[in-house]
Amino acid sequence: MTESLRVVLITDADEQIPPAFDQLMRAHGHRLVGVVTGPGSKSRPLTTYVDIVRHTPPGIDIIVTSHPKRLARMLEPLKPDLIWVLGFLQILPQDLLDLPRLGTINTHGGILPKYRGPNPPGWVFRNDEGEIGWTVHRMTAGIDEGPILATATLPYGDDDDFDSLMPQWIGLLPGVIGKALPRIIAGDPGDPQDERLVGYAPLFDESWREIDWAQPARSIHNKVRSLMSTRGEEGGAFGEIAGKRYLIFKTHLVEGITGEDVQPGTLIDRRTDRLTIQCSDGPLEILKWESAE
């Protein structure tokens, strides 16, 4: 019979994570004994960590802190066998990583080692990869550099964006976590990451949000869907249409070339539910937008 582990969850991403993770641990015969969260960055709504506290099931200890360096001492009385990190952007100190006997595990929202960093889904769309995914790995001093325990991927199509993929993407978590757990319990060190394949997924700078209609329609489409509203960051790309500035949230690729005499940026068609704009190689439909003036 598999021993029941004492598990601590560290997250500041979403209030639904603690109850879902608690249920998953119970399904595998383990016990969530603590949840760690914090207010995060200044750009995030201050109610996020309050909601995490509110949604954490009764009987589970909760620590809210802005000082990760103190966490090892705070968590030591809980005697965790395992620490699991799922959506937490602050750097964790080495003494915390070393505290549980089975290690500290991270669930990274991208495929490692290609997309290390805080913004894997954004870069997946920017690079037109065709799939998003998760990687469960052991945490080390380097960001997202630890050995890999499990991965899961989800293919997507031209009409997909982060909003449409979110339910399926989140739906991969129980499977990929469940796949990693036996390796963790067995003391498996994991598979070292191939340093030849390393890439990075930093947050975008503001210049990436500007649309140049002289670019191909697919490039602009991928730009728009790479700019998601997450963790207090405003989504959408800025573009000028008929002399006015708009914030564009969703686009649709259409077939056909409108002719070489049509200049990029020309408003080809205006309807109540969509705008059609000429790009360098053809039209692009805008499905969701608002004035940025």
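Residues numbered from 1 in each chain as written. Predicted model: local features only at pLDDT ≥ 70, side-chain atom pairs only at ≥ 80, totals over all residues. Heavy atoms only, no water.

> Which parts of the structure should I look at to understand the overall build of the protein chain?
Counting its secondary structure elements, the protein chain contains eight helices and twelve strands. A burial count over the protein chain gives 46% of its 293 residues as buried. For the protein chain, long-range pairs separated by at least 24 residues make up 67% of all intrachain contacts whose partners lie at least 6 apart in sequence. Across the protein chain, the centroid of the 30 positively charged side chains sits 7 Å from that of the 41 negatively charged ones. (Helix = DSSP H or I, 4+ residues; strand = E, 2+ residues; numbered from the N terminus. Buried < 20%, exposed > 50% of the residue type's maximum accessible area, 1.4 Å probe, protein only. Contact = heavy atoms within 4.5 Å. Lys, Arg positive; Asp, Glu negative; His and termini not counted. Charge placed at Lys NZ, Arg CZ, Asp CG, Glu CD.)

> Just checking my understanding: could you explain the pairing of strand 5 (residues 104-108) for this structure?
Successive side chains on a regular strand alternate, one facing one side of the sheet and the next facing the other. In terms of burial, strand 5 is largely enclosed, as five of its five residues are buried. Across the two faces of strand 5 the burial is the same, with Thr104, Asn106 and His108 and Ile105 and Thr107 all buried. Where strand 4 (residues 82-85) lies against strand 5, three bridges are found, and the strand directions are parallel. Within strand 5, the position partnered with Val85 by the bridge is Asn106. Relative to strand 6 (residues 131-138), strand 5 runs antiparallel, the two sharing four bridges. (Pairing = 2+ DSSP bridges.)

> Would you mind going over the nonpolar core with me for this structure?
The nonpolar side chains of a soluble globular protein tend to be buried with one another. Ranked by size, the top nonpolar core spans 57 residues in total, and within it Leu82, Trp84, Ile177 and Trp213 carry the most contacts. Per-element tally for this core: the top contributor is helix 7 (residues 173-185), with six residues. Once residues within four sequence positions are removed from consideration, Ile177 is found in contact with Phe21, Leu24, Met25, Trp84, Leu86 and Thr107. Counting residues in each nonpolar core, the second largest holds 15 residues, with Val8, Ile63, Leu71 and Val85 among its members. (Core = buried A, V, L, I, M, F, W, Y, C linked by side-chain atoms within 4.5 Å.)

> What am I meant to see in the sheet that holds strand 6 here?
In a beta sheet, neighbouring strands pair by backbone hydrogen bonds and run either parallel or antiparallel. A sheet is described by the order of its strands in space; here seven strands give the open sequence 3-2-1-4-5-6-7, paired in mixed fashion. Sheet topology places strand 3 (61-64) and strand 7 (148-155) at the edges, where each strand pairs with a single neighbour. Within the sheet, the average angular offset between the axes of one strand and its neighbour, ignoring direction, is 15 degrees. In terms of strand pairing, strand 1 (residues 6-10) meets strand 4 through four bridges, oriented parallel. Looking across to strand 4, one finds that Ile10 is bridged to Val85. Packed on one face of the sheet, helix 6 (residues 162-171) meets strand 6 and strand 7 and runs near 35 degrees to strand 6. (Axes fitted to C-alpha atoms, helices over the stretch in contact; angles between N-to-C directions.)

> How do you make sense of the pairing of strand 9 (residues 244-253) when you look at a structure like this?
As paired elements, strand 8 (residues 237-241) and strand 9 share five bridges and run antiparallel to each other. Paired with Ile241 across the two strands is Lys244, which belongs to strand 9. Hairpin connection between strand 8 and strand 9: a loop of two residues separates the two successive antiparallel strands, and Ala242 in this loop has a positive phi of roughly 50 degrees. Two elements, strand 9 and strand 12 (residues 283-291), share seven bridges in a ladder whose sense is antiparallel. Across the sheet, the residue bridging to His252 is Glu285, located in strand 12.

> Can you help me understand the side chain of Thr251 in this one?
For Thr251, the location among the structural elements is in strand 9. A distance of 2.6 Å separates the side chain of Thr251 from the side chain of His221, its partner in a polar contact. (Polar contact = N/O pair within 3.5 Å; in protein donor to acceptor, adjacent residues only side chain to side chain.)

> Any chance you could explain helix 6 here in plain terms?
Each α-helix winds once per 3.6 residues, and so residues spaced three or four apart point in a common direction. Among the residues of helix 6, Phe162, Leu165 and Trp169 are the ones counted as buried. In a view along the axis of helix 6, the buried residues occupy a sector of 70 degrees, so they form one face of it. Among the exposed residues of helix 6, those pointing more than 90 degrees away from its buried face are Asp163 and Pro167. In this fold, the buried residues of helix 6 make contact with helix 5 (120-126), strand 6, strand 7 and helix 7. Capping the start of helix 6, Asp161 holds a side-chain oxygen 3.2 Å from the backbone nitrogen of Asp163, two or three residues further along. (Arc of directions from axis to C-beta.)

> Would you take a moment to explain helix 8 (residues 217-226) for this structure?
Counting buried positions over the ten residues of helix 8 gives eight, a clear majority of the element. Buried positions along helix 8 lie against helix 5, strand 8, strand 9 and strand 12.

> Would you take a moment to explain the packing of aromatic side chains for this structure?
Where two aromatic rings form a pair, the distance of their centres and the angle of their planes describe that pair. Per the stated rule, a full pass over the model turns up six aromatic pairs. Relative to Tyr156, the ring of Phe125 lies with its centre 4.8 Å away and its plane at 55 degrees, an arrangement referred to as tilted. Separated by 31 residues along the polypeptide, Phe125 in helix 5 and Tyr156 in the loop between strand 7 and helix 6 bring together distant segments of the chain. Both residues of the pair, Phe125 and Tyr156, belong to the buried class. Taking the centre distance of 5.9 Å and the plane angle of 45 degrees together, the rings of Phe204 and Trp208 count as tilted. Cluster of aromatic residues (ring-pair linked, three or more members): Trp123, Phe204 and Trp208. The ring of Trp208 carries the charged tip of Lys223 above its face, separated from the ring centre by 3.6 Å. Note that Lys288 overlies the ring of Phe249, its terminal NZ or CZ placed 5.7 Å from the centroid. (Phe/Tyr/Trp six-rings, centres within 6.5 Å; stacked < 30°, edge-to-face > 60°. Lys NZ or Arg CZ within 6 Å of the ring centre and 35° of its normal.)

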